[in-house]
Amino acid sequence: MFEEAQYFAPVETRDDGSVVVELATGHPGFADAVYRERRNAIAALALNHRPGDPVPRVEYTDAEHRVWALVAKELAAKHRKYAVREFLDATERLGLPVDRIPQLQEVGDLLSPLTGFRYLPAAGLVPLREFYSVLANGLFHSTQYIRHHSVPFYTPEPDVVHEVIGHANTLASSRFAELYRAAGRAARRVESERALEFVSKVFWFTLEFGVMHEGGELRAYGAGILSSYGEIEEFRRMDIRPLDLAAMGTTDYDITKYQEVLFAAASLGQLEDVVGGFWETCDDEAVARLLAGAGAR
């Protein structure tokens, strides 16, 4: 989905206090001075946010709202064809605006009565342990910028389309929200970086790029697939394997192209039993056993 090796553009605070987002030369907005200034300003809002304060408001432009409206409309049509029923029902309950970019504070206000989740602003990459740990408290780190208007159906990095259309709609489901919380509790419980990486890879192959058998079809529930205009049309052609904790936790993935290996749950109940059960109980020793078993294969 994210077709640039630099998953998040680095964000730098310079000696004079200015915030600069270092876009790669291949980024669609690299040569657009106006877009780059927008990215800098939006990143600064997140960096200056203090815990407990409302999420800073971004004054989106008409052009940015048009990008959202176009992508939201097209993705909604694809969701009806490819998304699992739990996601579709949650999307209807949440009721995100389709004609404009919602503010993250607004998204949290919609989510909180449903599942207790709220959003935190992120300027860019959030450290792995910090990102996952706050899930246990019903908090989700999210970027606020939107992709460049020249390529509305492509983004080289997670933008507000991915973070909100993909994740917020999923978080509006109490069953999926509990899986996010369980992943957060697991991230807090494990101590080694290797165990944390294992937990995060299981998250990647499920809540980011998970698929599920439903009604005789393979459908998607992962936010990465459901927020990608292109990948949602391709996932059924990939190497589909059954849920396997050891395999998911040790399989490397390439963020520069569509995911070639996907792991399918037989049902939401199986996902909760296998993956949710793992996150609820795993510790460093449990991960070490899974790693040893994977190495013996």
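The sections below set out a description of the structure shown in this document. (Residues numbered from 1 in each chain as written. Predicted model: local features only at pLDDT ≥ 70, side-chain atom pairs only at ≥ 80, totals over all residues. Heavy atoms only, no water.)

## Considering the side chain of Glu86
Counted only if it meets this: Starting at the N terminus, helices and strands are each numbered in turn, a helix being any DSSP run of H or I of at least four residues and a strand any DSSP run of E of at least two. Categorising residues by exposure relies on relative accessible area from a 1.4 Å probe, with only protein chains included: less than 20% of the type maximum marks a residue as buried, more than 50% marks it as exposed, and the intermediate range marks it as partly exposed. Residues scored as positive are Lys and Arg, those scored as negative are Asp and Glu, and His as well as the terminal groups of each chain are ignored. Put simply, a salt bridge is a Lys or Arg side-chain nitrogen that is within 4 Å of an Asp or Glu carboxyl oxygen. We call two N or O atoms a polar contact when they sit within 3.5 Å, provided that within protein one can donate a hydrogen and the other can accept it, with sequence-adjacent residues counted only if both atoms are side-chain atoms. By definition in these notes, contact holds between two residues if any of their heavy atoms fall within 4.5 Å.
Residue position: Glu86 is located in helix α3 (residues 85-94). Look at Glu86: it is buried, it has no salt bridge, and the nearest opposite charge is Arg93 at 4.5 Å. Of the polar contacts made by the side chain of Glu86, one reaches the side chain of Ser173; its length is 2.7 Å. The contact partners of Glu86, leaving out residues within four places of it in the chain, are Arg93, Ser173, Arg175, Phe176 and Leu268.

## Remarks on the side chain of Glu208
The residue Glu208 is located in helix α8 (residues 193-208) in this model. There is no salt bridge for the buried Glu208, and the closest opposite charge comes from Arg147, which lies 11 Å off by N-O distance. At 2.9 Å, the side chain of Glu208 and the side chain of His167 are in polar contact.

## Comments concerning the packing of aromatic side chains
As a reminder of what qualifies: Any pair of Phe, Tyr and Trp rings, taking the six-membered ring for Trp, is counted once the centres come within 6.5 Å. Such a pair is stacked with planes under 30 degrees apart, edge-to-face with planes over 60 apart, and tilted for the rest.
Under the definition given, this model contains 16 aromatic pairs. Centre to centre, the rings of Phe131 and Tyr132 are 5.1 Å apart; their planes meet at 90°, and the pair counts as edge-to-face. Assigned by exposure class, Phe131 and Tyr132 land together as buried. Ring centres of Phe205 and Phe263 lie 5.2 Å apart, and the angle between their planes is 80°; on these two criteria the pair is classed as edge-to-face. Residue Phe205 is found in helix α8, and its partner Phe263 is found in strand β8 (residues 261-265); the two are separated by 58 residues along the sequence. Of the two residues, Phe205 and Phe263, both sit in the buried class.

## Digging into the environment of Ala33
Within the fold, Ala33 resides in helix α1 (residues 33-47). In this structure the C-alpha to C-alpha distance between Ala33 and Pro56, which are 23 residues apart in sequence, comes to 23 Å.

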